[in-house]
Structure formats: structure tokens, C-alpha cells
Amino acid sequence: MRDMSMTLDLTLTSLLSNCDRLQGVNMFSQKFIRHALLLSSRGKSGIRCRFRSTQAIAEKVTDGFVEDLRSIVGKANVSTAEAVRDQHGHDESYHETTLPDAVVFAQSVEHVSKVAKLCNDNVVPLIPFGSGTGLEGGINALKGGVCLDISQMKNVIEVNAEDFDCTVESGVTRGELNSYIRDTGLNFPVDPGADASVCGMCATSASGTNAVRYGTMRENVLNMEVVLADGTVLWTAGKNKRSRKTSAGYNLTNLFVGSEGTLGIITKATIRLYGIPEATLSAVVHFPSIQEAVDTTVQVMQCGVPIARIEFLDEAAIDAFNKYSKFDMKVAPSLFLEFHGSPSSVEEQKEVVEEIAKMNNGSNFKWATNADERNRLWKARHEIVYACTALVPGSKPYSTDVCVPISNLPAVIVQTKEMLKKENLVGPIVGHVGDGNFHIFFPVDHDHPEALTKIKAMSEKMSLLAMEMHGTCTGEHGIGMGKRELLEKEVGIEGLRAMQIVKNAFDPNQILNPGKIFPV
Ligand SMILES: Cc1cc2c(cc1C)N(C[C@H](O)[C@H](O)[C@H](O)COP(=O)(O)OP(=O)(O)OC[C@H]1O[C@@H](n3cnc4c(N)ncnc43)[C@H](O)[C@@H]1O)c1[nH]c(=O)[nH]c(=O)c1N2
Ligand SMILES: CCCCC(=O)C(=O)O
Ligand SMILES: [Mn+2]
């Protein structure tokens, strides 16, 4: 494999006299270098920068390289078949498929380490594949290379029921984990709806309906085994460590949470578990307006009710939900609720929430006490993407994902609805409103590119509004390909620059999931 790198090993001072060399460098790097120059000229930075242009990435995986992969993982575990590459070249979102050159099915951390080293030595892109349920094009192979499918590493390594934690390999999904530990009386509650791999959930910092009570992946990962770009294997909190707290040095665990396959490959995760609640009660309540539904949410949170789920669906989402999942709910802005605790605590939470909802003109409360009813309700809620996609045959889901401080949520949702009306766009709204997080669902039909342009513009406006209101352009789906241009607006040039320094330190050859997170 040829190394086509055009390493620009430049000190900031030499850059000052070499500005014309920036022409071959991608736009982000140009901006970054210019900013570094500016800081340097003001005497604020003594950093020695080492940039590689994006040209550094090899474009083709040769036959010889594929043979090398086969010699590591075995012939049966490498595929160059178009159908397999196609299946690994897209997630569940609207982003168009971009194929890897080869797909490798790793069976052990040793496989992952050797494949990473081979790719690094040959400067071949390497894209970790969890279970492919992402919504921001995270696994698309934008520069070809090797897709590393780690879904077959399916061991639950240990369950420490007395400490409420467990360690799983990269292929274990949250559904599989919860079936495995059912008899212990424990469960892993973080629930993105899709049956994603636990390590993939670490990689995207996933959350979903239960996060309002149990937190997101960030709060629930204690340690991870990670393979770095050069094949080094490390434990982010030290091997075999699983204490609830640590102040030992930098928080490497949370550096890798949400890194979207750009810093390393997560091969094991040690996560927190929770007792299955003694009593669980779910309910649905409808409101005359969005404002009243969201005001109810804010007041419930401000009263400190330890609610387990509080999900908003607007009338368009309820309509899609009814049609797809054969419910007959009132088509109105609604909240889906769930309470966990002892029977008396659930009763207490129920009374407070009922009172608040009634004050905001909530009506038609329906309570689901038995497990079958509850499961049917939440399964249908988690299938809302498919319910909305079914509204427009042949479409793919585009979902926005903003999150704001809870007190700003009513204003942001109401303004969003007005913006939708003004732009003449149809998009059901659903959200994990207890966290201030919500989505608009847009069906995307690739035969109508002008519609996609309009949706992207609307999505950007929403993200800017959320940032203005002290929030983020992504609460849980990540940056992937879809939000790259928004990252700088959110974290500032200094924040982006710090992230790029971290990326360059961990992955100097830019082989890990190239083209993701950072602006093009
Ligand atoms: C119907 C439906 C509903 C939802 C969602 C999806 C779908 C289809 N999601 C999104 C999705 O489930 C979530 O992003 C998962 O965390 C992705 O996990 P996968 O294992 O599928 O990762 P997937 O294979 O899709 O990869 C996602 C990204 O992580 C990287 N990656 C995956 N595994 C890795 C590993 N072991 N090491 C390093 N990098 C790795 C990949 O390279 C990629 O960049 C979601 N999410 C959410 O937070 N809240 C929600 O409410 C929902 N709802
Ligand atoms: C438009 C919804 C996107 C998926 C999701 O995150 C959810 O269902 O909560
Ligand atoms: Mn969501």
C-alpha cells in the first residue's frame, strides 16, 4: 500500500513564511492553521503543529492488503462482496450509502489490534461497525477502507450483581444484555429504542427515553477496553477497575464516550446496572396545545419528581403512531409517562404529575399497569421512526436532535413549530422532553434533492436556535456526517482546535473513521 501522505511538518513560525503551502490543505486545516498563526503572532501559542492533509488517506485496498487481513482473522472473516459492503456502508438514516472496500468480522481483541496496526502501517481508513443503528451516517465509509464489524464478539465477561455493574464485549446489544441478566433482578436501563450494541452506544454517547432518570451513557460507563489506531490496547480507567468514582488523572473514559469511532475501537465496556423497580406504572395524557404539554414537563421536572420517562409526541407524531402501531389515541399533543419505585412512591409521583397535568388542561389520562400493555406502548414509541417513515413510501429518516436547558424548552419547541409552518414543512415532533431534548422527523426522498436542501436549512436554523438558547445541536445522535459544519459554532474555534489536537494525538495518520465529526 502506498503512503500518499503529504505530511506538512511545520512549525508555526515556518508557516508564517509558507502561507502558499496551505493551498493543498483542506478547508478546516486551512482555517485551523490560520487561527494558530493568529494566536502565535499574538504570542499565545507555542504549540508545534503537525498536519496531514486529507490526501494522506489511501484510496484503495489492494488484493495483497486483503490477503494480509485474511491472514489475521481467517479467510471466512473478510468479505469484499458488494452486498456485504453495501450492508456496512450505511446506517438507518437518510445519508446515502458509501461503501468500504472490505469488511472484516473480528472475533477477538487480538484481531482488532492486529487489523488496526495493519491499517495504520498502510494508512488505510478503518471504520468500527457496532450494529448499524446510528442516525448520523457514522459508519459510512467516506474514504473507503476497512469496515471493522465487531458485532460477533458477544461475551458477557462478568456480572457483579452485588456491585451493580457488568462488563460486556463489543457485540453485546442492550436487549441481549438485559435478557442475560434478567434473573439477577437487575437491568441496564439506557434505552435508545433500537437494539444497539452497548459499545456502539458508548461510541455515540446514546441515551433515549430513560435518560431523564438513569442518565446517558456518559454517566453509566465505568471503564472501557479500547484499541488505539496503532493497535495498542488500553483500559480507560485501568485494567479490571470498576469503582463508582475516580479522580485518577484525566477522564479517558469520557473522552472515548461520544468519540464516534474517531479515537479508538471500544472492544469492552464496564457499565452500571440498576435494580428492576418494584413497581412500574405508565400513562398517556393529551393536551389542547404543545405549550401546555411542555409546560407540564417543565413543572414536573422543577418539582423534582423522579420520573423514569417523560416523552412528548405532537399531533402529527400521534397520528403516525396510531396508523403504524394500531393504536387509537386522541390526535393531540401528548405526554407518555413512566414511574418507577416502590408502590407508595409510584403512587405519590402519579398524584403530583396528575395534578400538574390537570392544571395545564391535560385530559384523557390512560394508565397502563400490566407489563404487556406497557411493553406495547413503549415498543410503539420506539418504533416512531418507522411509523413516520411509513407515511412517505420510499423515504429515509432525517431527524433533528436539539437539546436545551429545560426552562428554555417551551420557547424552543413553540418557535420550532412556527418555523415549520412558515417553511411549509411537515415534520412530526417527538422528544425526551424531561432532558430538554427533542427531534423533528423529516422523511427524505432522494428523488427530490430540493426537499433535502430545505430540510437541511430548517435543521440548521433549529440547531442555531438551540445554541442561542444555551443548548446543543445534538443531544444524543452525535455529529457523524450530518452536523460537522455545526460543531465549530457550538464549541467555538478554540474548542474545535482542542478536539483536533486530541484527534491528531490519538490518530496521527487519520485512519479512524475519517471525515466524521470535523468540518470538511
Ligand atoms: C429506531 C431508532 C431509534 C433511535 C435510534 C436509532 C434507531 C434506528 N438511535 C440511534 C442509535 O441507536 C444510537 O446511535 C446507537 O448508539 C448506535 O449504536 P450502534 O451499535 O448501532 O452503532 P453504529 O454501528 O451505528 O455506529 C455508530 C457510530 O459509532 C461508531 N462505533 C460503533 N461501535 C463502535 C465501537 N465498538 N468502538 C468505536 N466506535 C464504534 C461507528 O463507527 C459510528 O461512528 C437513538 N439514539 C439515541 O441516543 N436515542 C434515541 O432515542 C435513539 N432512537
Ligand atoms: C425522529 C426520532 C429519531 C429517533 C429517536 O431518537 C427517538 O425516537 O427518540
Ligand atoms: Mn431520541
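In every chain, residue numbers begin from 1 and rise along the written sequence. Chains and ligands are labelled sequentially in the order written, the chains with letters from A and the ligands with numbers from 1. Totals for whole chains, interfaces and linings use all residues, but because this is a predicted model, local features are given only for residues with pLDDT of at least 70 and pairs of side-chain atoms are given and counted only at 80 or more. Hydrogens and water molecules were not included; the side-chain quantities draw on all heavy atoms of the structure.

**Here we look at the overall build of the protein chain**
Item 1. Here a strand is any run of E in DSSP of at least two residues, a helix any run of H or I of at least four, and the numbering for each starts at the N terminus. Assigned secondary structure in the protein chain consists of 18 helices and 21 strands.
Item 2. Only protein chains enter the accessibility calculation, which uses a 1.4 Å probe; a residue is then buried when its area is under 20% of its type maximum, exposed when over 50%, and partly exposed in between. Of all 520 residues assigned to the protein chain, the portion counted as buried reaches 56%.
Item 3. Partitioning the contacts of the protein chain with sequence separation of at least 6, the portion at a separation of at least 24 is 72%.
Item 4. Surface accessibility in these figures is a Shrake-Rupley result with a 1.4 Å probe; residues are shielded only by whichever protein chains are displayed. By element, 51% of the accessible surface of the protein chain is carried by carbon and sulfur atoms, the whole surface being about 22000 Å². Residues count as neighbours in contact if any of their non-hydrogen atoms are within 4.5 Å of one another.

**Side note on the sheet that holds strand β4 (residues 102-105)**
Item 1. Taking strand neighbours across the sheet as the criterion, the four strands line up as β3-β4-β6-β5 in an open arrangement whose pairing is mixed. Where the open sheet ends on each side, the last strands, each with one partner, are β3 (78-79) and β5 (126-129). Strand pairing is defined by DSSP finding a minimum of two bridges between the two strands.

**Here we look at the coordination of the manganese ion (ligand 3)**
Item 1. The protein atoms that coordinate the manganese ion (ligand 3) are H432 (NE2), H439 (NE2) and E476 (OE), at distances spanning 1.9 to 2.2 Å.
Item 2. Donor atoms are limited to N, O and S found within 2.8 Å of the metal ion, a distance that becomes 3.2 Å for Na, K and Ca. With water left out, some sites might look partial. Under the classification used here, a metal with four donors is tetrahedral if each angle lies between 85 and 135 degrees, square planar if opposite donors are over 155 degrees apart and the others between 65 and 115, a six-donor metal meeting that same test is octahedral, and anything else is irregular. Here the manganese ion (ligand 3) is ringed by six donor atoms whose angles at the metal span 73 to 174 degrees, and the overall shape comes out octahedral.

**Some points on the UniProt feature "domain: FAD-binding PCMH-type" (unreviewed entry) in the protein chain**
Item 1. UniProt positions are given in the numbering used here, feature names are shortened, and annotations may be inferred rather than shown by experiment. UniProt's entry tags residues 96-276 with the feature "domain: FAD-binding PCMH-type" (unreviewed entry), counted in the numbering of this structure.
Item 2. A distance of 40 Å separates the end C-alpha atoms of residues 96-276, which is 23% helix and 24% strand.

**Quick look at the site of ligand 2**
Item 1. Being near a molecule or strand, for a residue, comes down to having at least one heavy atom within 4 Å of it. Lining the immediate surroundings of ligand 2 are L135, R381, I384, V385, S399, V430, H432, H439, F441, E476 and H477.
Item 2. Nitrogen and oxygen atoms within 3.5 Å of one another constitute a polar contact, given that in protein one can donate a hydrogen and the other can accept it, and given that sequence-neighbouring residues count only through two side-chain atoms. Here an oxygen atom of ligand 2 and a side-chain polar atom of E476 are 3.3 Å apart.
Item 3. Surface burial for ligand 2 is 92%, taken as the share of its 290 Å² of free accessible area covered by protein chains.
Item 4. Listing elements by their share of the shell around ligand 2, those giving two or more residues are α15 (384-389), β20 (429-432) and β21 (437-444).
Item 5. Each residue is assigned to one class: nonpolar for Ala, Val, Leu, Ile, Met, Phe, Trp, Tyr, Cys and Pro, charged for Asp, Glu, Lys and Arg, and polar for all the others, Gly among them. Of the residues in the shell around ligand 2, the class split is five nonpolar, four polar and two charged.

**Focus: the packing of aromatic side chains**
Item 1. Classification of ring pairs rests on two measures: the distance between centres of Phe, Tyr or Trp rings, Trp counted by its six-membered ring, which must be within 6.5 Å, and the angle between planes, read as stacked under 30 degrees, edge-to-face over 60 and tilted in between. Taken as a whole and assessed by the stated rule, the structure comprises nine aromatic pairs.
Item 2. On the basis of an interplanar angle of 85 degrees and a centroid distance of 5.5 Å, the ring pair of F256 and F506 is categorised as edge-to-face. Separated by 250 residues along the polypeptide, F256 in helix α10 (residues 252-256) and F506 in helix α18 (residues 487-506) bring together distant segments of the chain.
Item 3. For K350, the ring lying beneath its charged end belongs to W367, and the centroid distance is 4.6 Å.
Item 4. Cation over ring: R376 sits above F327, and NZ or CZ is 3.9 Å from the ring centre. A ring is scored as having a charge over it whenever the NZ atom of a lysine or the CZ atom of an arginine sits within 6 Å of its centre and within 35 degrees of its normal.

**A few points about the site of ligand 1**
Item 1. P128, T133, P192, S197 and T204 are the nearest of the 36 residues found near ligand 1.
Item 2. Residue T133 places a side-chain N or O atom 2.8 Å away from an oxygen atom belonging to ligand 1.
Item 3. At 3.2 Å from an oxygen atom of ligand 1 is found a main-chain nitrogen or oxygen belonging to E260.
Item 4. When isolated, ligand 1 has an accessible area of 970 Å², and the protein chains bury 97% of it.
Item 5. Elements supplying a minimum of two residues to the shell around ligand 1: β5, α7 (198-204), β12 (265-272) and α15.
Item 6. Top element by residues in the shell around ligand 1 is α7. It accounts for five residues.
Item 7. The class makeup of the residues in the shell around ligand 1 is 16 nonpolar, 17 polar and three charged.

**Some thoughts on the packing of helix α11 (residues 290-302) against helix α16 (residues 409-422)**
Item 1. Closest axis-to-axis distance for the α11/α16 pair is 9 Å, and the angle between their directions is 160 degrees. Between α11 and α16, the angle falls in the class roughly antiparallel. In the packing of α11 onto α16, the handedness of the crossing is right-handed. Taken together, the residues of α16 that come into contact with α11 (itself represented by I290, Q291, V294, D295 and V298) are L409, P410, I413, V414 and K417.
Item 2. Classifying every residue of the contact of α11 with α16 by side-chain character gives seven nonpolar, one polar and two charged. Only the stretch in contact is used when a helix axis is fitted, and all axes are lines through C-alpha atoms; the angle between N-to-C directions ranges over 0 to 180 degrees. Angles are sorted into four bins: roughly parallel if under 35 degrees, roughly antiparallel if over 145, roughly perpendicular if 65 to 115, and oblique for all others. For any helix crossing, the convention is left-handed if the near helix is rotated counterclockwise from the far helix by under a right angle, and right-handed if that rotation is clockwise.

**Here's the deal with the pairing of strand β15 (residues 309-313)**
Along a regular strand, successive side chains alternate from one face of the sheet to the other.
Item 1. With five of five residues buried, β15 lies mostly within the body of the structure.
Item 2. Of the two faces of β15, both are covered, the one formed by R309, E311 and L313 as well as the one formed by I310 and F312.
Item 3. As paired strands, β15 and strand β16 (residues 334-341) are joined by five bridges and run antiparallel to one another. Bridge pairing in β16 links F312 to L335.
Item 4. Of the strand pairs in this sheet, β15 and β20 are connected by two bridges, and their pairing is antiparallel. The partner of F312 across the bridge, within β20, is G431.

**Comments concerning the sheet that holds strand β7 (residues 156-160)**
Item 1. A sheet is described by the order of its strands in space; here five strands give the open sequence β7-β8-β12-β10-β11, paired in antiparallel fashion. Two strands close off the open sheet at either side, each with one partner strand: β7 and β11 (233-235). The mean inter-strand angle of the sheet, taken between neighbouring strand axes irrespective of direction, is 10 degrees.

**What to know about the pattern of salt bridges**
Item 1. Salt bridges are defined as contacts in which a side-chain nitrogen from Lys or Arg sits within 4 Å of a carboxyl oxygen from Asp or Glu. All chains considered together, the criterion is met by 19 salt bridges.
Item 2. Across the pair D121 and K117 runs a salt bridge whose closest N-O atoms are separated by 2.9 Å. Here the residue D121 and the residue K117 both occupy positions in helix α5 (residues 109-122), the gap between them amounting to four residues, near one helical turn.
Item 3. We note a salt bridge from D314 to K417, for which the minimum N-O separation is 2.9 Å. In this pair, D314 sits in the loop between β15 and α12 (315-325) while K417 sits in helix α16, placing the two residues 103 residues apart along the sequence.
Item 4. Relative accessible area serves as the criterion here: at 26%, K417 is assigned to the partly exposed category.

**Overview of the environment of N160**
Item 1. Relative to the helices and strands, N160 is located in strand β7.
Item 2. Among the residues examined, N160 registers a relative accessible area of 9% and is labelled buried.

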